[in-house]
Amino acid sequence: MKVLVIGGGAREHALCRSLSLDPDVTSLHCAPGNAGIAEVAELHPVDAMDGAAVARLATGLGAGLVIVGPEAPLVAGVADAVREAGIPCFGPSREAAELEGSKAFAKDVMAGAGVPTARSYVCTTAEEIDGALDAFGAPYVVKDDGLAAGKGVVVTDDLAAARAHALACDRVVIEEFLDGPEVSLFAITDGVTVLPLQPAQDFKRALDGDEGPNTGGMGAYSPLPWADPKLVDEVMASVLQPTVDELRRRGTPFAGLLYAGLAITSRGVRVIEFNARFGDPETQVVLARLRTPLAGVLLNAANGTLDIQPPLVWRDDAAVTVVIASHNYPETPRTGDPITGLDDVAAKDAPHAYVLHAGTRTEGNAVVSAGGRVLSVTATGADLSQARERAYAAVARVRLDGSQHRTDIARKAAEASA
């Protein structure tokens, strides 16, 4: 099978890495890709947002499967364009991707499906905003209704900051604060059958101790030793299957990756948000633990034959990812800085630790930073403590001027399970 992956971040590098290890994948392509993906796939300079161009590329390559990684192309209808060209595509339609494209739409779907979530108001005026903030009180949870690359949510005790963020959005969802730890659970679905993956936890705040501004994610780990063993079954029954059933009932079946961001509250599981694609950086740790070859699973989802998919097989290993971000991320990140030490990681830490590229590009023979989140250093181990140790040993070999990373990814979970 020839496979084409659309996107150029660490999520797409993780997907490409897994696909490159799949014996059924005979040829692997990525558009536009990055410096790291170039080591395992052939890159093509195609705009990921241009559905017609992506469909032409897939047709020209004779691709048997296209995987659309990021949310923006999905919301723009790129998967629809590929399917219209007669090529199986893993990724929801434009209409179904509104589950991530609009927080208000997602709330409406959850209401129809009876999915437990935070109480909320959708606001478009200053008066509505003030009323909602007053109704819920601090901590204030304010979400831009549209796509914001994981950085459209403000959680704060500062009323002025909450109000300023809300007023800067065209339409905003203001909701009650959910207490308890957060969990990311992905499910592969063909619109009928739902196949859950292993849960992970990510770290949104920029600084240790969950301080600093929200980011796209500074690290992740899996499994979650503290979670209830029945968590996945519970979320399947109360969240994932009802959501897929509701979208199909509405005539907008969701086929692709359904990502539920969950809060394990004192009152039970509540949905914080849905995404319509693999999450970053959770994908890096989830795929590190998946033993089942990936391409066939995603092809079954694309073809509507997920009911014939055998149960997924998982490694017992734990996995930890630490994100190395550029100077001044998430504000205005500095780019163009050379990255060194990548060969050291490959020589000294493989196969237990490896580097997945996010915001990188090549300049001559050099790899330089090209975005806010630059690298995802991922490691596996017998338990979280060993995986953390290996991840941070590899992080220490990487040199990027002015870079930052959190030092506490998975620390509490590792200590609790030691």
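So, here's what we can say about the structure. As the structure is a computational prediction, the values presented were derived from the model and not from experiment.

A few words now on the packing of helix α6 (residues 103–113) against helix α9 (residues 231–249). At a closest axis distance of 9 Å, the pairing of α6 and α9 adopts a crossing angle of 100°. Taken together, α6 and α9 sit at an angle that is classed as roughly perpendicular. For the pair α6 and α9, contact is made by Phe-105, Val-109, Gly-112 and Ala-113 and by Pro-242, Thr-243, Glu-246 and Leu-247, respectively. A breakdown of the residues in the contact of α6 with α9 according to their chemical character gives five nonpolar, two polar and one charged.

In spatial order, the strands read β3-β2-β1-β4-β5; together these five strands make up an open sheet with parallel pairing. The strands lining the two open edges of the sheet, one partner per strand, are β3 (42–43) and β5 (89–90). Docked against the sheet, helix α1 (residues 10–20) engages β1 (2–7), β2 (27–32) and β4 (65–68), running at close to 170° with respect to β1. Relative to β1, helix α2 (residues 51–61) is tilted by about 160°, and along the sheet it contacts β1, β2 and β4.

Every α-helical turn comprises 3.6 residues, leaving residues that sit three or four positions apart pointing alike. Of the residues making up helix α11 (residues 294–303), those classed as buried are Leu-294, Ala-295, Val-297, Leu-298, Asn-300 and Ala-301. The secondary structure elements touched by the buried residues of α11 are α1, β4, β5, β10 (182–189), β11 (194–196) and α10 (282–289). A positive backbone phi angle near 75° is found at Gly-304, which sits one or two residues after α11.

Moving on, we get to the nonpolar core. Counting 78 residues, the largest nonpolar core has Leu-4, Val-66, Leu-240 and Val-320 as the members making the most contacts within it. No other element matches α9, which puts eight residues into this core. The contact partners of Val-320, leaving out residues within four places of it in the chain, are Ala-220, Tyr-221, Val-285, Val-377, Thr-378, Ala-379, Leu-384, Ala-387, Arg-388, Ala-391, Ile-409 and Ala-410. The next biggest cluster of nonpolar side chains, apart from the first, holds 41 residues, and it includes Leu-15, Ile-37, Phe-90 and Ala-358.

Let's shift gears to the sheet that holds β10. Strand order in the open sheet formed by four strands is β11-β10-β16-β17, with antiparallel pairing between adjacent strands. Of all the strands in the sheet, just β11 and β17 (268–275) have a single pairing partner and so form its edges. Each adjacent strand pair in this sheet contributes to an overall mean axis angle of 35°, direction not counted.

This part covers the pattern of salt bridges. A full pass over the atoms with the stated rule returns 23 salt bridges. Taking the shortest distance from any N to any O, the salt bridge between Arg-163 and Asp-130 comes out at 2.6 Å. Taken together, the residues Arg-163 in helix α8 (residues 159–167) and Asp-130 in helix α7 (residues 126–136) connect sequence positions 33 residues apart. Residue Asp-401 is joined to Arg-334 by a salt bridge in which the shortest nitrogen-to-oxygen separation is 3.0 Å. Of this pair, Asp-401 sits in the loop between β24 (399–400) and α14 (411–417) while Arg-334 sits in the loop between β18 (318–325) and β19 (338–340), and the two are 67 residues apart along the sequence. The partly exposed category is assigned to Arg-334, whose relative accessible area is 31%.

Cut-offs used in this document
Within each chain, residues carry numbers counting from 1 in the order of the written sequence. Totals for whole chains, interfaces and linings use every residue, but because this is a predicted model, local features are given only for residues with pLDDT of at least 70 and side-chain atom pairs only at 80 or more, for both listing and counting. Calculated side-chain values reflect all of the structure's heavy atoms, with hydrogen atoms and water omitted. Interaxial angles span 0 to 180 degrees and are taken between N-to-C directions of axes, which are lines fitted to C-alpha atoms, for helices over the stretch in contact. Numbering of helices and strands runs from the N terminus; a helix is a DSSP stretch of H or I covering at least four residues, while a strand is a stretch of E covering at least two. Small angles under 35 degrees read as roughly parallel and large ones over 145 as roughly antiparallel, with 65 to 115 read as roughly perpendicular and the rest as oblique. Throughout, a residue-residue contact means that at least one pair of heavy atoms, one from each residue, lies within 4.5 Å. Residues are grouped as follows: Ala, Val, Leu, Ile, Met, Phe, Trp, Tyr, Cys and Pro are nonpolar; Asp, Glu, Lys and Arg are charged; every other residue, Gly included, is polar. Strands are labelled as partners when DSSP assigns at least two bridges between them. Burial classes follow relative accessibility: with a 1.4 Å probe on protein chains only, a residue under 20% of its type's maximum area counts as buried, one over 50% as exposed, and anything between as partly exposed. Only buried residues count toward a nonpolar core. Its members are Ala, Val, Leu, Ile, Met, Phe, Trp, Tyr and Cys residues joined through side-chain atoms within 4.5 Å. One side-chain nitrogen of Lys or Arg within 4 Å of one carboxyl oxygen of Asp or Glu is enough to make a salt bridge.

Coordinates in, geometry out; function isn't part of it.
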